[in-house]
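# A look at the structure
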Amino acid sequence: KILILDFGSQYTQLIARRIREANVYCELHSWDVSDDFIREFNPAGVILSGGPNSVYEDETPRAPQSVFELGVPVLGICYGMQTMAAQLGGSVENAAKREFGYAEIRAQGHSALLKDIQDKSNAEGHGLLDVWMSHGDKVTALPEGFKIIASNSSTPIAGMADESRRFYAVQFHPEVTHTKQGKALLNQFVHGICGCDQSWNMPDYVATAVQRIRDEVGSDEVILGLSGGVDSSVAAALIHRAIGDQLTCVFVDNGLLRLNEAEQVMETFAKNLGVKVIHVDASAKFLGDLAGVSDPEAKRKIIGREFVEVFQQESAKLAQAKWLAQGTIYPDVIESAGAKTKKAHTIKSHHNVGGLPDTLKLQLLEPLRELFKDEVRELGVALGLPHEMVYRHPFPGPGLGVRILGEVKREYADLLRRADHIFIEELRNTQDADGKSWYDKTSQAFAVFLPVKSVGVMGDGRTYDYVVALRAVVTTDFMTAHWAELPYDLLGKVSNRIINEVRGINRVVYDISGKPPATIEWE
Ligand code: XMP
């Protein structure tokens, strides 16, 4: 396995994902872990990430010295290269101008890292690589024992290596897709140089994870809050595979779910997989408490509080349960670790069931803690969950509560559910020229209910009804997003269907705001 030390770059998670995609297990840890930790981790290789600091400033992060004494290969990327140079006796200086964006570099010196990796070659037969640069500092003198393995005119030392010690470093970012051969380079490092085999794969993982859960919980009982979202669904399927009826899921219908969602969850889990699911219809309670409340934050708080209350009531009935299972995934783990040590990671402002564990006095079972989202999906498929469920767009914890502007009423929720369903159905059924459905081409799409009435005409009559807004965005991280450029005829069809089929809505508009300055949800 590979150890990645995080110096705070925006791209560190991508390094981990690329290594996992190469079927090698890796973990991401802060740069300031102890030497003991590193020795115990026993990595086959270490990667030092990029980061926002300058090595020549006071008290900036350094790699633990043991990294260079383990005798395993080390790859430094950007800041990781600079700190490697500084720690091993080279020098780093501020570049006259920041280099940001695409650059072409020349591979030289035939290193094991760049062997056979090139986009094209120049007249002298040197390999040329299109890479992504993002740096203000650069290495200006090599440490002893190193040679240059890549360069261009603005960054003469764009890559360096000490092949006898198997230390490699590059100034560019192989982890981003803009560096075309980045994946090949990282593959070369973990397979060719570190000698890792391709043992990280889903079918093997299922068996390992199942065994681990059995060892951990023994004959104890486990409860899990099933939301119908990807993470809790996959966690439920995995734990059920491991311990069968020792698992009980609690599914809370808060009255703010999508059309037929409760039925689908019950069908998939209770009927098809044979999972024990307690279905709690708490919609009257949620909607009752929301009556008269129109402030978005107040609504969120009520929904969150209600959920904890209902879940606690239900779990109190399962007195013998010793474990609370949650669908925590690796990005959540990294994020909360980052939040603790104030590293550069951006912190999501939405968390769902944060308050549960303390009050319930249960041990936490988090079987997806080491998986990235795409790995969770792969696992879901391997466990036999329907593709549609596993590849569903994200849905916020407060559900339609934040998609009905202002006060939430059952009547509004019912109208919105039907409009939303039509929108999603048409997105699923309409393909773009590339053969992909518009549902798969967008990252998140939904309808929003606007409690304002406008005048329309239908047949010979005047109507005075509500408005629905359609929202569809394209994003990779949900921190920034573009509105989706849906085809006009698709938008037209959705609008026609909603107005004709959902009595009570006579106007449909499309949201063309990006994030920022708008957010994805309207509340
Ligand atoms: P915004 O609206 O902040 O949303 O651009 C970014 C992403 O987060 C989702 N979201 C939530 N998810 N609980 C959640 O689990 C919440 O309270 C919540 N609020 C927003 C939103 O759907 C989008 O994917």
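Residues numbered from 1 in each chain as written. Predicted model: local features only at pLDDT ≥ 70, side-chain atom pairs only at ≥ 80, totals over all residues.

## A look at the environment of histidine 29
Following the sequence through the fold, histidine 29 ends up in strand β2 (residues 26–30). For histidine 29, a count of 15 C-beta atoms within 10 Å puts it in the partly exposed group. Through-space distance from the C-alpha of histidine 29 to that of glutamine 264 is 39 Å; in sequence the pair is 235 residues apart. Sequence-distant contacts of histidine 29, that is, excluding residues within four places in its chain, are made with Leu3, Leu5 and Asp6. (Helix = DSSP H or I, 4+ residues; strand = E, 2+ residues; numbered from the N terminus. Buried ≥ 20, exposed ≤ 12 C-beta atoms within 10 Å, placed from the backbone. Contact = placed C-beta atoms within 7 Å.)

## Quick look at the pairing of strand β14 (residues 321–325)
Most of β14 is tucked away: four of the five residues are buried. Relative to β14, strand β11 (residues 221–226) runs parallel, the two sharing four bridges. Opposite isoleucine 223, over in β14, you have leucine 324 as the bridge partner. When β14 meets strand β15 (residues 363–365), the two strands line up parallel, connected through three bridges. Bridge pairing links leucine 324 to leucine 364 in β15. (Pairing = 2+ DSSP bridges.)

## A look at the UniProt feature "binding site: ATP" (unreviewed entry) in the protein
Mapped onto the present numbering, the UniProt feature "binding site: ATP" (unreviewed entry) falls at Ser227, Gly228, Gly229, Val230, Asp231, Ser232 and Ser233. With respect to the helices and strands, the residue glycine 229 is situated in the loop between β11 and α6 (230–243). Exposure remark for glycine 229: the 17 C-beta atoms within 10 Å place this residue in the partly exposed category. Within the secondary structure, serine 233 is located in helix α6. On the basis of neighbour count, serine 233 is assigned to the buried category, with 26 C-beta atoms found within 10 Å. If we skip the residues at most four places from it in the chain, serine 233 touches Leu226, Gly228, Gly380, Leu385 and Met389. (UniProt positions renumbered as here; feature names shortened; annotations may be inferred.)

## Examining the pairing of strand β7 (residues 127–141)
Alignment of strand β5 (residues 91–107) against β7, held across twelve bridges, turns out to be antiparallel. What sits directly across from serine 91, in β7, is alanine 141. Of the strand pairs in this sheet, strand β6 (residues 120–121) and β7 are connected by two bridges, and their pairing is antiparallel. Counted as the bridge partner of lysine 120 is leucine 128 from β7. Counting the residues that bridge the hairpin from β6 to β7 gives five residues, and of these glycine 125 lies at a positive phi of roughly 85 degrees.

## Points about unusual backbone geometry
Cis geometry is found at the peptide bond from lysine 515 to proline 516, where omega equals -15 degrees. Relative to the helices and strands, proline 516 resides in the segment after β19 (505–510). In this structure, proline 517 follows proline 516 across a cis peptide bond, with omega equal to 5 degrees. Within the element layout of this structure, proline 517 appears in the segment after β19. The backbone of asparagine 42 shows a phi angle near 55 degrees, a positive value even though the residue is not glycine. Along the polypeptide, asparagine 42 turns up in the loop between α2 (35–41) and β3 (45–48). Residue classification places asparagine 42 among the exposed residues on the basis of 10 C-beta atoms within 10 Å. The phi angle at cysteine 78 is positive, at roughly 55 degrees, despite the residue not being glycine.

## Section: the environment of glutamine 211
Its location among the elements puts glutamine 211 in helix α5 (residues 202–217). In the structure, glutamine 211 is positioned 284 residues away from serine 495 in sequence and 50 Å away in space, judged by C-alpha atoms.

## Some words on the domain arrangement of the protein
Segmenting the protein into domains produces domain 1 (2–193), domain 2 (202–390) and domain 3 (409–510). Between the C-alpha centres of domain 1 and domain 3 there is a distance of 46 Å. (Domains from an automatic or database assignment.)

## What to know about the sheet that holds strand β13 (residues 276–281)
Taken in spatial order, the five strands make up an open sheet running β13-β12-β11-β14-β15, and their pairing is parallel. In this open sheet, the two strands that pair with only one neighbour each are β13 and β15. In this sheet, adjacent strand axes meet at a mean angle of 30 degrees when their direction is disregarded. (Axes fitted to C-alpha atoms, helices over the stretch in contact; angles between N-to-C directions.)

## A closer look at the packing of helix α14 (residues 410–429) against helix α16 (residues 488–501)
At a minimum axis distance of 9 Å, the contact between α14 and α16 shows a crossing angle of 150 degrees. By the angle between their directions, the pair α14 and α16 is classed as roughly antiparallel. Where α14 crosses over α16, the handedness of that crossing is right-handed. Contacts between α14 and α16 involve Ala419, Ile422, Phe423 and Glu426 from the first element and Leu490, Lys493, Val494, Arg497, Ile498 and Glu501 from the second. Counted by class, the contact of α14 with α16 contains six nonpolar, no polar and four charged residues. (Parallel < 35°, antiparallel > 145°, perpendicular 65-115°, else oblique. Left-handed = near helix turned anticlockwise from the far one by under 90°. Nonpolar A, V, L, I, M, F, W, Y, C, P; charged D, E, K, R; others polar.)

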